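For reference, the chains in residue letters:
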Amino acid sequence: MTGVSVDEAMRRAIELAARGLGTTSPNPVVGCVLLDAGGQVVGEGFHAYAGGPHAEIVALAQAGERARGGTAVVTLEPCDHTGRTGPCSLALIQAGVARVVIAVPDPNPVASGGAATLRSAGVRVDLGVRASEAEAGNIAWLTSMRRGWPYVIWKYAATLDGRSAAADGTSMWITSEAARIDVHALRGTVDAVVVGVGTVLADDPRLTARNLRDGSLAIRQPLRVVVDSEGRTPADARVRDGAARTWIATAAEVGAGPDGRVDLPALLAELHQRGVRAVLLEGGPRLAGAFLAAGLVDKVIGYVAPRLLGAGPAALVDAGVTTIAEAIDLEVVDVTQIGPDLRITALPRKREG
């Protein structure tokens, strides 16, 4: 029987890693495929939840003695420290694995070093196989580890002419139910949902991840964060309903920027300390503008409805742009039709200088 190539095994490991999105934080998503000496798949695993067995341990348990002399293909460098679980580097050595193929090195100084430990034990280690794909699948955690604050996704919904609400202020159901279901799935992959107090006062959102068909709450709920410089969130606001954890982030607690409002870099640093690795910024348009003006947005996801209003609030306000030369340029990486709407995913381009 023909064996599986290392490249094919890494592709499968990346697919496995994706199954942990939304449940592993503050840990990364990781996938592992174990090949025996003949190149046959003898074990597979992924990190399913924080505190649970790591991908390598799951795959080794499946493989048993068939792992000896084989190859472990893993999306992230095996950890080299003892936390809630033991070091995966040692487990691979004890299992007699002869080769470990790693897509991306671990940037976390607490856990890194697995590759060096493996090499010192005589295990062959190869780095960089399908690195860009593995990086993309674990981008929030990797980004957060490298810089010390969460990966920020700005999500908005608007009409084709860029309106987030009608002239009379009504904003319910700009996009279709299919798009709203997709948004709730997106909420389920992040650690925190962030809005400004203006959105709370205007719309009184729940900010929970739900099944819209029956209204049931998802098992895992992101932290609800209200950026509220002066503490104006009403006591009876739905974000205080106990359905999920909520943090009302005030300037007095977080610190104030030059404008007297909540200091956004300090807010993100505090969220990182709380274990938040991915943030979904949902509103409103002025808060989104402040994040964009400060260069704090990593990804933009826009749900665009094929409707025209001609008037009403814009989806984005005060992003620090006063002339066309200052426009925030985006690279569109995906356009998908969701029901009648379009979901456009784009990455801000880094400005030169």
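Residues numbered from 1 in each chain as written. Predicted model: local features only at pLDDT ≥ 70, side-chain atom pairs only at ≥ 80, totals over all residues. Heavy atoms only, no water.

1. Some words on the overall build of the protein
What the protein contains, in helices and strands, is 11 helices and 13 strands. For a compact globule of 353 residues, the expected C-alpha radius of gyration is about 20 Å, and the protein comes in at 22 Å, within 12% of that figure. Taking the principal axes of the C-alpha coordinates as reference, the protein spans close to 70 × 50 × 45 Å. With 353 residues in all, the protein has 45% of them scored as buried. For the protein, the exposed area adds up to about 16500 Å²; of that, 53% sits on carbon and sulfur atoms. (Helix = DSSP H or I, 4+ residues; strand = E, 2+ residues; numbered from the N terminus. Rg over C-alpha atoms; globule rule 2.2 N^0.38 Å. Buried < 20%, exposed > 50% of the residue type's maximum accessible area, 1.4 Å probe, protein only. Areas by Shrake-Rupley, 256 points an atom, 1.4 Å probe, with all protein chains shown as cover.)

2. Observations regarding helix H10 (residues 264-273)
Buried within H10 are the following residues: Leu264, Leu267, Leu268, Leu271 and His272. The buried residues of H10 occupy an angular sector of 140 degrees when the element is viewed end-on, so they sit on one face. Two or three places before Ala266, at the start of H10, stands the capping residue Asp263, its side-chain oxygen 2.8 Å from that residue's backbone nitrogen. (Arc of directions from axis to C-beta. Polar contact = N/O pair within 3.5 Å; in protein donor to acceptor, adjacent residues only side chain to side chain.)

3. Considering unusual backbone geometry
Note the cis peptide between Ser25 and Pro26, where omega equals 10 degrees. Secondary-structure assignment places Pro26 in the loop between helix H1 (6-17) and strand E1 (31-35). Between Gly283 and the following residue, Gly284, the backbone shows a cis peptide bond with an omega angle of -5 degrees. Unlike most non-glycine residues, Arg130 shows phi in positive territory, near 50 degrees. Relative to the assigned elements, Arg130 resides in the loop between strand E5 (124-127) and helix H5 (131-137). Of the residues examined, Arg130 reaches a relative accessible area of 19% and is grouped as buried. Here Asp204, not a glycine, exhibits a phi torsion of approximately 50 degrees, which is positive.

4. So, the UniProt feature "domain: CMP/dCMP-type deaminase" (unreviewed entry) in the protein
In this structure's numbering, the residues bearing the UniProt feature "domain: CMP/dCMP-type deaminase" (unreviewed entry) are residues 4-126. Along residues 4-126 one finds 28% helix and 21% strand; the C-alpha atoms at either end are 17 Å apart. (UniProt positions renumbered as here; feature names shortened; annotations may be inferred.)

5. Some remarks on the packing of aromatic side chains
Centre-to-centre distance and the angle between the planes together describe a pair of aromatic rings. Evaluated as defined, the whole model comprises one aromatic pair. On the numbers, 4.7 Å between centres and 25 degrees between planes, the contact of Trp154 with Tyr156 is stacked. Trp154 sits in the buried class, given a relative accessible area of 6%. Residue classification places Tyr156 among the partly exposed positions, given a relative accessible area of 22%. When the ring centre of Trp247 is taken as reference, the NZ or CZ atom of Arg274 above it lies at 3.9 Å. (Phe/Tyr/Trp six-rings, centres within 6.5 Å; stacked < 30°, edge-to-face > 60°. Lys NZ or Arg CZ within 6 Å of the ring centre and 35° of its normal.)

6. Things to note about the pairing of strand E3 (residues 71-76)
With six of six residues buried, E3 lies mostly within the body of the structure. Direction of pairing for E1 relative to E3: antiparallel, over a ladder of four bridges. Across the sheet, residue Leu35 finds its bridge partner in E3, namely Thr71. Taken together, the five bridges between E3 and strand E4 (residues 99-104) define a ladder with parallel strand orientation. Within the sheet, the bridge partner assigned to Val74 lies in E4 and is Ile102. Following the backbone out of E3, through helix H3 (residues 88-94) and into the adjacent parallel E4, one traces a crossover that is right-handed. (Pairing = 2+ DSSP bridges. Right-handed = clockwise from strand over helix to strand, strands pointing away.)

7. Re the sheet that holds strand E6 (residues 151-159)
Either a parallel or an antiparallel arrangement is found when strands of a sheet pair, and the pairing is made through backbone hydrogen bonds. Pairing is mixed in the open sheet, where eight strands are placed in the order E9-E8-E7-E10-E6-E11-E13-E12. This sheet does not close on itself; its edge strands, each paired only once, are strand E9 (246-249) and strand E12 (330-338). Between one strand axis and the next, the sheet turns through 20 degrees on average, direction left out of account. Alignment of strand E7 (residues 192-196) against strand E8 (residues 223-227), held across five bridges, turns out to be parallel. Paired with Ala192 across the two strands is Leu223, which belongs to E8. Contacts between helix H11 (residues 285-293) and the sheet are confined to E6, E7, E8 and strand E10 (278-283), with E10 contributing the most and set at about 135 degrees to the helix. (Axes fitted to C-alpha atoms, helices over the stretch in contact; angles between N-to-C directions. Contact = heavy atoms within 4.5 Å.)

8. Brief notes about the side chain of Asp126
Relative to the assigned elements, Asp126 resides in strand E5. Side chain to side chain, Asp126 and Arg124 meet in a polar contact 3.0 Å long. Excluding residues that lie within four positions of it along the chain, Asp126 makes contacts with Arg99, Val100, Val101 and Ile102.

9. Some remarks on the pattern of salt bridges
Opposite charge on two side chains permits them to pair, given that their charged atoms come into close proximity. The tally for this structure, following the rule as stated, stands at 19 salt bridges. Salt-bridge contacts for Arg146 lead to Glu135; the nearest nitrogen and oxygen are separated by 2.4 Å. Linking Arg146 in helix H6 (residues 139-147) with Glu135 in helix H5, this pair joins segments that are 11 residues apart in sequence. For Glu135, a relative accessible area of 22% translates into the label partly exposed. Residue Asp182 is joined to Arg343 by a salt bridge in which the shortest nitrogen-to-oxygen separation is 2.9 Å. Placement of Asp182 in helix H7 (residues 177-187) and of Arg343 in strand E13 (residues 341-348) is noted, with a sequence separation of 161 residues between them. Residues joined by salt bridges that share partners form a network here, namely Asp7, Arg130 and Glu133. (Salt bridge = Lys/Arg side-chain N within 4 Å of Asp/Glu carboxyl O.)

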